[in-house]
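Single-letter residue listing:
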Amino acid sequence: MKKTIAVLPGDGVGPEVIAEAVKVLKKVAQKYKHQFDFKKDLIGAAAIDKAGDPFPPKTHKLCLESDAILFGAIGDPRFDNNPKAKVRPEQGLLSMRKALGLYANVRPITTFKTTMTKSPLRPEITQGVDFVVIRELIGGIYFGEPRGRTEDGNKAFDTCVYSKEEIRRVAKFAFQLATKRKGKVTLVDKANVLATSRLWRETVQEMILDYPKVTLEFMFVDNAAMQIIKRPIEFDVILTENMFGDILSDEASVITGSMGMLPSASIGEKTSLYEPIHGSFPKAAGKNIANPIAAILSAVMLLEYSFGLIKEGKAVREAVEAALTRGWGTKDIVLENPMSTSEMGDKIKDNI
Ligand code: IPM
Ligand code: MN
């Protein structure tokens, strides 16, 4: 198989962890006789510095011409609480999502035996947890118009809007995923208060008729925030709108014990994007200490979702498991003799 992968390392630890994911993909290509062409470009603060734009047109073009996108992280403390900053790196992320039509954000939450004790939750709660948050990513209050301030500057407003079409597109993805998993979709909303939530309920209820094997349940977002911590084992696929998904997926990530292990995919109309969920982690940048596993597992999702390379994905997953079972890890997950980012990447690569 011959494919082009856009590589956008971005800010903070992004470049370091993405280098390890690329290393692993190169090994996969060599071993299974595929040809992956990696094409690197700018995004985030790095792109503001060099091109004055957090998502330059050249990067956009590269993404459109590629078969998949591997993305590191966006964010730089130089831009936080800085009223002089005209443009923030995060705007690059939001423009990219919109420009590429990345409508479904997929965040799997699974536990690893070796890091379970790192979770603030008791092992009897986290054991065996395996669910996926599907967050709608380019609609709702993040993008709705009108937004802004009144002329006197004393009032501000944001608008939450959803169309049936936007809901159907992401719900279809969730239902299809559930049929390949445990067959349960939980729609998380605030239908007791919000008109948009009521449209979500109505729309998914119409759709469920086409998925006889899937059970659909509804949960208010406040209750869901509680249930994710109390009985996470009950969930299979959580489907929700943009902002609720943003909040709940961060909450869900603590179940695992380390943010450094969790991958994500953002499914697009054409090209999809894969990124570790941990963000730029500026304090660790340049120190070769960040955990590369989230980035490597994001590369696995890329192989599986964009290229359908299931066998290859499995081989990488097993290499990660094998490394963890041996007690290897970066310092966020092991206390004794932690490995560096690049050593860990090498070990995983060699295990494939
Ligand atoms: C995320 C992030 C972004 C979001 C920010 C950086 C704009 O928190 O990917 O979850 O809110 O979507
Ligand atoms: Mn977030």
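Residue numbers here run from 1 along each chain, matching the order of that chain's written sequence. Naming scheme: in the order in which they are written, chains are lettered from A and ligands are numbered from 1. Owing to the predicted nature of the model, reporting of local features is limited to residues with pLDDT of at least 70; listing and counting of side-chain atom pairs is limited to 80 or more, with chain, interface and lining totals taken over all residues. Hydrogens are left out, water is left out, and the side-chain values use all remaining heavy atoms of the structure.

Labelled according to an unreviewed UniProt entry, the chain appears under the name 3-isopropylmalate dehydrogenase. UniProt positions are given in the numbering used here, feature names are shortened, and annotations may be inferred rather than shown by experiment. Note on the chain: under the UniProt heading Subcellular location (unreviewed entry), the record states "Cytoplasm".

(A) Here's a closer look at unusual backbone geometry. Omega for the bond connecting Glu145 with Pro146 falls within 30 degrees of zero, at 0°, which places this linkage in the cis form. Mapped onto the elements of the fold, Pro146 is located in the loop between strand E5 (130-136) and strand E6 (148-149). Phi angles above zero are rare outside glycine, and Lys33 is one such case at about 60°. Comment: elements are numbered from the N terminus, with helices defined as DSSP H or I runs of at least four residues and strands as E runs of at least two. Among the secondary structure elements, Lys33 is positioned in the loop between helix H1 (14-32) and strand E2 (35-40). Take Lys33: its relative accessible area is 70%, and that puts it in the exposed class. Residues other than glycine seldom take positive phi values, yet Asn288 does so here, at roughly 60°. Checked against the element boundaries, Asn288 lands in the loop between strand E12 (273-276) and helix H10 (293-306). Exposure is judged per residue with a 1.4 Å probe applied to protein chains only, and the accessible area is read against the type maximum: over 50% gives exposed, under 20% gives buried, and values in between give partly exposed.

(B) Quick look at the side chain of Asp189. Along the polypeptide, Asp189 turns up in strand E8 (residues 184-189). Here a polar contact is taken to be a pair of N or O atoms separated by no more than 3.5 Å, where protein atoms must pair a possible hydrogen donor with a possible acceptor and residues adjacent in sequence count only if both atoms sit in side chains. Only 3.2 Å separates the side chain of Asp189 from the backbone nitrogen of Ala191, close enough to count as a polar contact. Two residues qualify as a contact provided that any one of their heavy atoms is within 4.5 Å of a heavy atom in the partner residue. Once residues lying within four places of it in the same chain are set aside, the contact partners of Asp189 are Ser197, Arg201, Met219, Phe220, Val221 and Phe244.

(C) Examining the packing of H1 against helix H12 (residues 341-351) more closely. To get an axis, fit a line to the C-alpha atoms, keeping to the stretch in contact for a helix; angles then go from 0 to 180 degrees between the N-to-C directions. Contact geometry of H1 with H12 gives a least axis separation of 9 Å together with a crossing angle of 15°. In this view, H1 runs roughly parallel relative to H12, as classed from their interaxial angle. The element H1 and its partner H12 pack so that their crossing is right-handed. For the pair H1 and H12, the contacting residues are Glu16, Val17, Glu20, Lys23, Val24 and Lys27 in the first and Thr341, Ser342, Gly345, Asp346, Ile348, Lys349 and Asp350 in the second. Note on angle classes: values under 35 degrees are labelled roughly parallel, values over 145 roughly antiparallel, values of 65 to 115 roughly perpendicular, and the remainder oblique. Crossing handedness follows the turn of the near helix against the far one: under a right angle anticlockwise gives a left-handed crossing, and clockwise gives a right-handed one.

(D) Highlighting the UniProt feature "domain: Isopropylmalate dehydrogenase-like" (unreviewed entry) in the chain. The sites that UniProt annotates as "domain: Isopropylmalate dehydrogenase-like" (unreviewed entry) are residues 4-348. With 42% helix and 19% strand, the stretch residues 4-348 has end C-alpha atoms that lie 23 Å from each other.

(E) View of the environment of Val28. Here Val28 is to be found in helix H1. Since its relative accessible area comes to 0%, Val28 is described here as buried. Considering only alpha carbons, one finds Val28 and Gly313, 285 residues apart in sequence, at a separation of 8.8 Å. With residues near it in sequence (within four places) discarded, Val28 still touches Lys33, His34, Phe36, Leu303, Glu312, Val316 and Ile352.

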